[in-house]
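The chain contents come next:
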Amino acid sequence: MKGKGMRAMGEKPAFKVSVVIAVYNAETFLRQCLDSVAGQTLRDMEIICVNDGSTDGSLKVLEEYARQDSRFYIYTKENEGLGGASARNYGLERARGEYVSILDSDDFFEPDMLEKAVGKADRTGADFVIFGGFEYDNKNGNTYKVTSILNEKAIPDKEVFSCHDCPDTIFQLSQGMAWNKLYRRSFLEQYQLRFQKIKYTDDAYFTFAHMVLAEKITVLKEYLCYYRINTGSSQTDGLDHYPDSAYLPYTALKASFVEWGVYDEVRQSFMNCAVSFMRYFYDKITDYHSFRYLHNQYRNEIFEKLDIKGKPRGDFYDERTFLWCQQVLANSPGEIAFKSARAHGSDMTTGVLRFLFPYSQIPRGSKIAVLGAGIMGRHYYSQLMLSGYCDVVVWAEAKNPFQLSYIQPYETLRKVDFDYALIAYAQEGLIQTAISYLDEIGKGKIKIIIGGANG
């Protein structure tokens, strides 16, 4: 793998860290972000804010901070209509620090985030540092530790490592976001990679490519950033207009990996990473024409291009993902839509979902036990199998009239650990029986959610 070194040897960086923040119509949350950056315990930094053609009061907020703190550098550029990639690239080209931190304008950060990350990078000589983060629910102020931001189970048993030390799990280590990583700028300049100019997931190529190129990666097992969710602005409408964003990072990554001679080594990890994200995107689209387009792209072109088509069950890290791929390949978009509606319990004449999983009460990635195998329980279970939103560790029923092997007796609840118990009964007597049983087996302190027609 050959780099494209650009900086003169021996040139001393002007700052310890360059923080790059792309800003577009972020006025509502911008002050919290900027305060958390300006208040970092590490003081030797420049804060490069790129106003990407905002039409709200974001620029005024940025100018206010620049007047008060000389570390702020404000740039304004025309918005190109394709996400924040061009603004991030603009900021990267102006960075002068030894390290680079690329942050989002609606997130916020622990005050010692940069100090700790820089300390780890200095001590280990790493090309970049990965650290953990929380989801911050803007609706209720709750925070949730998210394992996909930093998957500690995938960390190699070495303080400093490369993809060659963990080729089968390198892309399961952390999702393709840039904000939970600190990069050595000389490493970024060696390869001159930039954020991909697509509407969504513009950081996936940048992040995953550098995970393969780096000779020295290290991990900081601390949770130092807060990723804001439930901001009131729906991404779904945007996804409907840009369905290609689901796979463009991964087709580009495969081409690069082949060029760099590492594809065969990381193929299995890459395939599982790509297909998991493509499935997530697929489940988020609400416009049928976009759904049909994306389904046919997967079925007729992308699955084959990404070496997903024809792969055996053993190549997949998750059985549900394997089964989803088989469904996409075997069915037309119309057949998938019909089967999904039936499985979800929709009335086909009105499209009304009778029992919607309580997404607002149970965070993504939680381990849950579903109690109840009637209509409500079947609807919840189908939604979770299709979406992968949570990990159903057990689906239990006091009595199993259907004699289905995947529905377990209540006794199984004693043997498994879970974060939430979702009670999928409508009858008050059955609800109280389920709650009493959880108390009886010492699970009464588990968070219990009572299901219902409104989720």
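A brief look at the structure comes next. Computed from a prediction, not measured in an experiment: that's the story for all the values here.

1. Section: the overall build of the protein
Argument step 1. Per the secondary structure count, the protein includes 14 helices and 17 strands.
Argument step 2. Classification of the 455 residues of the protein by burial places 52% in the buried group.
Argument step 3. For the protein, the proportion of contacts with a sequence separation of at least 24, taken over those separated by at least 6, is 79%.
Argument step 4. As displayed, the protein offers around 20700 Å² of accessible surface, 48% of which is attributable to carbon and sulfur atoms.

2. Considering the pairing of strand 16 (residues 420–423)
Argument step 1. Both faces of strand 16 are covered, namely the face carrying Tyr 420 and Leu 422 and the face carrying Ala 421 and Ile 423.
Argument step 2. Judged from the 4 bridges that link them, strand 13 (residues 367–371) and strand 16 form a sheet pairing that is parallel. Opposite Leu 371, over in strand 16, you have Ile 423 as the bridge partner.
Argument step 3. Bridge count between strand 16 and strand 17 (residues 447–450): 4 bridges; the pairing is parallel. Residue pairing across strands places Ala 421 opposite Ile 448, the latter belonging to strand 17.
Argument step 4. Read from strand 16 through helix 14 (residues 428–440) to strand 17, the crossover connection turns out right-handed.

3. Some words on unusual backbone geometry
Argument step 1. One non-glycine residue, Asn 25, lies in positive phi territory at about 45°.
Argument step 2. For Asn 25, the location among the structural elements is in the loop between strand 1 (15–23) and helix 1 (27–38).
Argument step 3. On the basis of relative accessibility, which here comes to 31%, the residue Asn 25 falls in the partly exposed class.
Argument step 4. Its identity as a non-glycine residue notwithstanding, Thr 201 has a phi of 55°, on the positive side.
Argument step 5. Note on placement: Thr 201 falls in the loop between helix 5 (185–191) and helix 6 (204–213).

4. Looking at empty space enclosed by the protein
Argument step 1. Inspection of the entire model under this criterion finds 2 cavities of 30 Å³ or more.
Argument step 2. One number sums up the size of the largest cavity: a volume of about 50 Å³.
Argument step 3. Taken together, Leu 92, Ala 95, Val 100, Arg 185, Leu 188, Glu 189, Gln 192 and Arg 194 make up the full set of residues lining the largest cavity.
Argument step 4. Of all the elements, helix 5 adds the most residues to the lining of the largest cavity, at 3 residues.
Argument step 5. Residues belonging to the lining of the largest cavity are distributed by class as follows: 4 nonpolar, 1 polar and 3 charged.
Argument step 6. Approximately 30 Å³ is the volume attributed to the second largest cavity.
Argument step 7. Residue lining of the second largest cavity: Arg 88, Ile 102, Asp 104, Ala 178, Trp 179, Phe 195 and Asp 203, and that is the complete set.
Argument step 8. When the residues that make up the lining of the second largest cavity are grouped by side-chain class, the tally is 4 nonpolar, no polar and 3 charged.

5. Some remarks on the nonpolar core
Argument step 1. Counting 73 residues, the largest nonpolar core has Phe 171, Tyr 250, Phe 257, Trp 260, Tyr 298 and Ile 308 as the members making the most contacts within it.
Argument step 2. By residue number, the principal contributor to this core is helix 9 (residues 263–284), which donates 11 residues.
Argument step 3. If near-sequence neighbours (up to four positions away) are discounted, Phe 257 is found in contact with Phe 171, Phe 208, Ala 209, Val 212, Val 262, Tyr 263, Val 266 and Phe 270.
Argument step 4. Counting 36 residues, the second-largest nonpolar core is a separate cluster that includes Val 19, Ala 121, Phe 131 and Leu 182.

Conventions we followed
Residues numbered from 1 in each chain as written. Predicted model: local features only at pLDDT ≥ 70, side-chain atom pairs only at ≥ 80, totals over all residues. Heavy atoms only, no water. Helix = DSSP H or I, 4+ residues; strand = E, 2+ residues; numbered from the N terminus. Buried < 20%, exposed > 50% of the residue type's maximum accessible area, 1.4 Å probe, protein only. Contact = heavy atoms within 4.5 Å. Areas by Shrake-Rupley, 256 points an atom, 1.4 Å probe, with all protein chains shown as cover. Pairing = 2+ DSSP bridges. Right-handed = clockwise from strand over helix to strand, strands pointing away. 1 Å grid on protein atoms, 1.4 Å probe; cavity = no way out; pocket = protein on both sides within 12 Å on 5 of 7 lines; lining within 4 Å. Points joined across faces, edges and corners; volume = space filled by probe spheres on them. Nonpolar A, V, L, I, M, F, W, Y, C, P; charged D, E, K, R; others polar. Core = buried A, V, L, I, M, F, W, Y, C linked by side-chain atoms within 4.5 Å.

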